[in-house]
Amino acid sequence: MIKAIVSGIGFGLVLTFLTGPVFFALIKTSIEKGFHAGVALALGVVSSDIFFVGALLFGSQYIDVSDHTKLIAGITGAVILFVLGLYYMFKKAEINYGNKVPTSADRFGYFLKGFLMCIFNPTLLFHWTVVIGAASTTFLVGSPHRSFHIAVMFLTILILQFGMDTLKAFYADKLRDRISVKLIHRLNEVAGVALIIASLVLVDKLVTHIIFSAPTAS
């Protein structure tokens, strides 16, 4: 069990510090709308992670997804990421200096934003596929209590990621009084550019192959 927890901490730290669109969105939301909004967004992110892990561990046993379906899903995700990027780039910046606690509806909106931002980002699916592959080699088939150890490893990763995201939201919220609206606008632009780049990378991986080569058939 100790080995599973240590492995989970290692992978959790790596995934937590992979800087991408979600990182910028979490920091921006926490500064702009406060700690509670940031935590709601982080809950959406970890919920999408749970969905990915469940789909990879259990869904693949029963569902055979065709390459065409994967292509359509990837293109759809790229379009959504691109539109979100444009939205962030042109979004009017504002800061909740009054530390107003968001309503339940607002919290659900932030949760949904975090969930959708991740669920339509196939890069995260790739990350979890790598982690599952590593877990399979760490805990070999036939080893005692293999399923339990893998479950502990993934639970550790998810708890660590949510804890670190909550910590990011906390410190971003504490810096809010020292941050100007102009800086928030710059953060919006950075988050927007990151989302647009992620969408273009996805399209290149799936269709154009200008930089990234086409995936080989397994």
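Look a little higher up for the structure.
What counts as what
- Residues numbered from 1 in each chain as written.
- Predicted model: local features only at pLDDT ≥ 70, side-chain atom pairs only at ≥ 80, totals over all residues.
- Heavy atoms only, no water.
- Helix = DSSP H or I, 4+ residues; strand = E, 2+ residues; numbered from the N terminus.
- Expected span 1.5 Å × (residues − 1).
- Buried < 20%, exposed > 50% of the residue type's maximum accessible area, 1.4 Å probe, protein only.
- Phe/Tyr/Trp six-rings, centres within 6.5 Å; stacked < 30°, edge-to-face > 60°.
- Core = buried A, V, L, I, M, F, W, Y, C linked by side-chain atoms within 4.5 Å.

Draft legend 1. Structural context of helix 8 (residues 181–208). Given a rise of 1.5 Å per residue, 28 residues ought to cover 40 Å, and the 38 Å separating the end C-alpha atoms of helix 8 matches this to within 8%. Those residues of helix 8 that sit buried are Ile-184, Leu-187, Asn-188, Ala-191, Gly-192, Ala-194, Leu-195, Ile-196, Ala-198, Ser-199, Leu-202 and Asp-204. Residue His-209 follows helix 8 closely and has a positive phi angle near 55°.

Draft legend 2. How the structure looks around the packing of aromatic side chains. By the definition in use, this model includes four aromatic pairs. Aromatic pair Phe-35 and Phe-170: ring centres 6.2 Å apart, planes at 90°, arrangement edge-to-face. Here Phe-35, found in helix 3 (residues 35–57), pairs with Phe-170, found in helix 7 (residues 146–174); they are 135 residues apart in sequence, far enough to count as distant. Classification of Phe-35 as partly exposed rests on a relative accessible area of 25%. Residue classification places Phe-170 among the partly exposed positions, given a relative accessible area of 33%.

Draft legend 3. Fine view of the nonpolar core. Residues Tyr-88, Met-117, Trp-128, Val-131, Met-153, Phe-154 and Ile-157 are the most contacted members of the largest nonpolar core, which totals 34 residues. For this core, the leading source of residues is helix 3, giving eight residues. Ile-27, Ile-179, Ile-184 and Leu-187 belong to the second largest nonpolar core, which has six residues in total.

Draft legend 4. Structural context of the environment of Tyr-87. Within the secondary structure layout, Tyr-87 lies in helix 4 (residues 67–90). Taking relative accessible area as the criterion, Tyr-87 reaches 46% and is therefore assigned partly exposed. For the pair Tyr-87 and Gly-192, spaced 105 residues apart in sequence, the C-alpha separation works out to 7.1 Å.

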